[in-house]
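Remarks on the overall topology
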Amino acid sequence: MSAAGRGAAPEAATPAVAPLEVARRVVEKARTAAGGHAGRFECDAMVVASRDSSVTVRLQKLETVKDAASRAVGLRVIVDGRQAVVSSADVSDEALDQIVADALGLAAISEPDEHAGLPDPADQATARDELQLYDEAVDAMEARERIDRALACEQAALDADRRIENSGGGSCSTRVAEVALADSNGFAGSYLGTSASLGVEVMAAEPDGRLRNDYWFSAERQLHRLEDAAVVGREAAARALRQLGARKAGTTTAPVVWEPRMAAGLLRTIANAADGEALYRRSTFLAGREGDAVASPLVSVGDDPRLPGRLGSRPFDGEGIATRRNVLFEDGVFQTFLCDTYNARRLGRVSTGSAVRDVGSLPGVGAGNLVMQAGDHSPEQIIAEVEDGLYLTSLMGFGINLTTGDFSRGAAGLWIRDGRLAEPVSEINVSGNLTEMLASIDAVGTDVQWFGSAAAPTLRMSKLTVSGS
């Protein structure tokens, strides 16, 4: 059991200090303060310094311009297995002294946990790979360029068709952040990263005046990979327009083709089921199934935080352990669970370099870049082979039970008739069981696409229950 608390309030005039230096400083302060303690003492500190800039526009008028710089420090102490985390947005010496005192005080009243503690130093990263996480072009982007991109994105959507009658707004955002981590075992490391995103939501009008809304976006670490503003806008318009005339579908069991964005979301569900904490709690349908053919032989999924330039990439995890590629499924066979140090110890395993955290939290388990291997079918071929089924373009709600694998979510898409996309359908549900769903994948596309930190192609499940909601 762990205790957590808050640090001091931010100060307006804090001198600029490198994040790694702040992390080292608070670790040294904690070691000094705990020097008289007779038991085992460990600690680590995370510091994040970031600048977040964004603009939003609506109907070609500027609505918001934001530019915010922040720094925050979090200290975790472990005293004889008693663990506590305290964070602060103030990194002055006085504030650091206070969070050290608060953390030690909270640890003294928390319950001991034999599995709590820092990782073995031998497992921590020594190399400082950059992994192309930083792009100077993102860092240098001015507000005017963000505004122009957001305006161009929305205008392209509005110009796409006269039936696009309204806009939920366009946005363009950038982030520059440095993450630093230091601990009492001697690890110290930091990395600098950037990200940029662009998106718009628009509404298409039915003949009776009802509006159908949809959106599109692009998010990347590097500016040259970001989709062109006009492309994003036109895609948002196309997605809204193809919903016009949507109606419910009757209840049936039918093949379901998942567009790449939906398939990327499925990968995130799989990663949640492959979480070591879920295994420890026996709250995942994958428990006890390592080495089993759980999915179709067409399914190969990896988690790779070392892909250059991707949003989920990082040289070391939230505990300083070197990141690595972990295979979740290979040719349909479930391979392994993702673990941080704590859950690995509880399970009698080793960390997979999958610890994630923010400055105010304990490490937990999280994926980096989830990637599904491409298949050998074009998306057009996958659709053409379906006589009567659903092309899935939207999921909503939270109807997933990872313990049992039961899956039931609200959905929308296009009906497939005689191998062609036909009328739009909405207000429907798709349901099944994840074990059966993964096993029923009978086609995987060549069209792997990235959506944030997940990449997936079009895929087809031979049957799911589709019903009017």
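Everything in this summary refers to the structure shown in the same document. (Residues numbered from 1 in each chain as written. Predicted model: local features only at pLDDT ≥ 70, side-chain atom pairs only at ≥ 80, totals over all residues. Heavy atoms only, no water.)

**Notes on the nonpolar core**
Formally: Among the buried residues, those of types Ala, Val, Leu, Ile, Met, Phe, Trp, Tyr and Cys that are joined through side-chain atoms within 4.5 Å form a nonpolar core. Throughout this description, buried means an accessible area under 20% of the type-specific maximum (1.4 Å probe, protein chains only), exposed means over 50%, and partly exposed covers the range between. Helix numbers and strand numbers start at the N terminus; a helix is a DSSP run of H or I with at least 4 residues, a strand a run of E with at least 2. Note on definitions: a residue-residue contact is assigned when non-hydrogen atoms from the two residues lie within 4.5 Å.
The biggest cluster of nonpolar side chains holds 77 residues, and the ones touching the most others in it are Trp258, Leu286, Phe329 and Leu390. Element by element, the count of residues in this core is highest for helix H6 (residues 260-273), at 8 residues. Residue contacts for leucine 390: discarding those within four places in its chain leaves Pro255, Val256, Val257, Gly413, Leu414, Trp415, Ile416, Val425, Ile428, Val430 and Val466. Core analysis: the second largest hydrophobic core is formed by 27 residues, Ala23, Leu75, Val79 and Ala107 among them.

**Looking at the environment of glutamate 136**
Position of glutamate 136 among the secondary structure elements: in helix H3 (residues 136-139). The spatial distance from the C-alpha of glutamate 136 to the C-alpha of isoleucine 147 is 19 Å, given a sequence separation of 11 residues.

**Describing the pattern of salt bridges**
Note the following rule: Salt bridge, as applied in this entry: a Lys or Arg side-chain nitrogen positioned within 4 Å of an Asp or Glu carboxyl oxygen.
In the structure shown here, the tally under the stated rule is 26 salt bridges. In this structure, the salt-bridge partner of aspartate 93 is lysine 29, at a minimum N-O distance of 3.9 Å. With aspartate 93 in helix H2 (residues 93-109) and lysine 29 in helix H1 (residues 19-33), this residue pair connects regions lying 64 residues apart in the sequence. Between glutamate 42 and arginine 40 there is a salt bridge, and its shortest N-O distance comes to 2.8 Å. Salt bridges linked by common partners bring Asp214, Glu235, Arg239, Arg242, Glu259 and Arg261 together as one network.

**Things to note about the pairing of strand E2 (residues 41-58)**
Using the following cut-off: For two strands to count as paired, DSSP must find a minimum of two bridges between them.
Most of E2 sits out of view: 14 of its 18 residues are buried. In textbook terms, the turn of a hairpin is the stretch between consecutive antiparallel strands, and for E2 and strand E3 (residues 61-79) this stretch comprises 2 residues, one of which, leucine 59, has a positive phi near 50 degrees. The sheet contact formed by E2 and strand E5 (residues 164-183) spans 14 bridges and is antiparallel. Within E5, the position partnered with aspartate 44 by the bridge is aspartate 183.

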